[in-house]
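Each chain, written out:
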Amino acid sequence: MHRILIVILIGLVTACGCHSEPSEAQSTREFVAIQAEQNRRLADLQSQLQSQQTTLNQQRDALETERRELAAKRLRDPVIAEAITAIGTLLACLAPILLTWVVLGRGNQELDAELIADALIADLASGGKSVLLPALQPQPAASRLQVNPHLPSLKESH
């Protein structure tokens, strides 16, 4: 019986001593709660990181687009400036030609001939100096006589 009593006693001690379930359950619950809180915080941090990376990617894309636009503008601006210069030079060269064409092509040629004839007749009829035809002005007689060096002069013959 003694043996039975020892076995029962050992069973009771074992059953009572190993049966601290409430404290183990409590610590397990606390561990699970702490782990859940840490998981939630980690998820929040990951979502913040992901949103920051998205914002950073958008800013990088905008910067790259702006860089490409500036590079294209740097290539395009000298070409436009050269084209404007070439067009200005061409217009400057064509201006006298166009002006001459307009002046020559606009008038009635019969009317122009009549006006020129009237001006010449009025100039010749004035009797004085001719403004339009200086070659027709009368020259003094002395200037018309040209002395020939090979001919004897009049003074030497007398």
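Calculation rules
Residues numbered from 1 in each chain as written. Predicted model: local features only at pLDDT ≥ 70, side-chain atom pairs only at ≥ 80, totals over all residues. Heavy atoms only, no water. Helix = DSSP H or I, 4+ residues; strand = E, 2+ residues; numbered from the N terminus. Buried < 20%, exposed > 50% of the residue type's maximum accessible area, 1.4 Å probe, protein only. Salt bridge = Lys/Arg side-chain N within 4 Å of Asp/Glu carboxyl O. pLDDT = per-residue confidence, 0-100. Patch = residues over 30% accessible without salt bridge, like charges linked within 9 Å, V, L, I, M, F, W, Y side chains within 5 Å. Areas by Shrake-Rupley, 256 points an atom, 1.4 Å probe, with all protein chains shown as cover.

Some words on the overall build of the chain
Assigned secondary structure in the chain consists of five helices and zero strands. For the chain, the N- to C-terminal ordering of α and β elements is α-α-α-α-α. Counting over 158 residues, the chain shows a buried share of 1%.

Things to note about the pattern of salt bridges
Summed over all chains, the structure comprises five salt bridges. Across the pair Arg-67 and Glu-64 runs a salt bridge whose closest N-O atoms are separated by 2.6 Å. With Arg-67 and Glu-64 both in helix α2 (residues 21–106) and three residues apart, the pair spans about one turn of that helix. Note on Glu-64: relative accessible area 30%, which makes it partly exposed. Where Glu-64 meets Arg-68, a salt bridge forms, and the shortest distance between an N and an O atom there is 3.4 Å. In this pair, Glu-64 and Arg-68 both sit in helix α2, four residues apart, roughly one turn of the helix. Each of the salt bridges in this network shares a partner with another, and the network as a whole consists of Glu-37, Arg-40 and Asp-44.

As for the confidence of the model for the chain
Averaged over the chain, the pLDDT score is 78; the fraction of residues at 70 or greater is 65%. Mean pLDDT across the secondary structure elements of the chain bottoms out at helix α5 (residues 154–157), with 50, and peaks at α2, with 90.

Some points on a nonpolar patch on the surface
Together, Leu-90, Leu-94, Ile-97, Leu-98, Trp-101 and Val-102 make up a nonpolar patch on the protein surface, roughly 620 Å² of accessible area in all. Residue Leu-94 is classed as partly exposed on the basis of its relative accessible area, which comes to 33%.

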